[in-house]
Amino acid sequence: WLISTPTRLYHGADDEFIPPSLSQKILLDFKAKGVPDTKIELIVIPGVDHPLGVIPVGFQTILWFLTLKK
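The shown structure was predicted, so the numbers you read here are calculated from the model rather than taken from an experiment. (Residues numbered from 1 in each chain as written. Predicted model: local features only at pLDDT ≥ 70, side-chain atom pairs only at ≥ 80, totals over all residues. Heavy atoms only, no water.)

**Q** Teacher, can you tell me more about the overall build of the protein here?
**A** Tallying secondary structure elements over the protein gives two helices and two strands in all. The secondary structure elements of the protein, listed N-terminal to C-terminal, are β-α-β-α. Principal-axis analysis of the C-alpha atoms gives the protein an extent of 30 × 30 × 15 Å. Across the 70 residues in the protein, those meeting the buried criterion constitute 26%. Considering only intrachain contacts with a sequence separation of at least 6, the fraction spanning at least 24 residues in the protein is 69%. Accessible area of the protein: about 5,100 Å², with a carbon and sulfur share of 67%. (Helix = DSSP H or I, 4+ residues; strand = E, 2+ residues; numbered from the N terminus. Buried < 20%, exposed > 50% of the residue type's maximum accessible area, 1.4 Å probe, protein only. Contact = heavy atoms within 4.5 Å. Areas by Shrake-Rupley, 256 points an atom, 1.4 Å probe, with all protein chains shown as cover.)

Shown next, in the form of structure tokens:
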């Protein structure tokens, strides 16, 4: 998809259920479709696995949304 809104992908670095490399591939797929770096970003959270990622991703998402509000 050629997205036009800012988009972030979050992934726990220690995720054993879904490898972080999958999010990296998704990021590269978006960029291959022409999505600029200013519209897509991958945030890898060190030391976080799949179940423990819910809280830090939630907080980071809320904080990011607050920066987008104008």
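**Q** In this structure, what is going on with the environment of A13? I would like to understand it.
**A** Within the secondary structure layout, A13 lies in the loop between β1 (7-12) and α1 (20-32). Residues A13 and G47, spaced 34 residues apart in sequence, show a C-alpha to C-alpha distance of 6.0 Å.

**Q** When you look at the packing of aromatic side chains in this model, what are you seeing that I'm missing?
**A** Each aromatic ring pair is summarised here by two numbers: the centre-to-centre distance and the angle between the ring planes. Taken as a whole, this structure holds one aromatic pair when the rule is applied. Taking the centre distance of 5.7 Å and the plane angle of 35° together, the rings of W64 and F65 count as tilted. Overall, W64 belongs to the buried group, its relative accessible area being 13%. Accessibility expressed as a relative area gives 49% for F65, which makes it partly exposed. (Phe/Tyr/Trp six-rings, centres within 6.5 Å; stacked < 30°, edge-to-face > 60°.)

**Q** Just to check I follow, could you spell out the pairing of strand β2 (residues 40-45) for this structure?
**A** Consecutive side chains along a regular strand alternate between the two faces of the sheet. As paired elements, β1 and β2 share six bridges and run parallel to each other. Opposite R8, over in β2, you have E41 as the bridge partner. (Pairing = 2+ DSSP bridges.)

**Q** Can you walk me through the environment of P36 in this structure?
**A** Relative to the helices and strands, P36 resides in the loop between α1 and β2. Considering only alpha carbons, one finds P36 and S23, 13 residues apart in sequence, at a separation of 17 Å.

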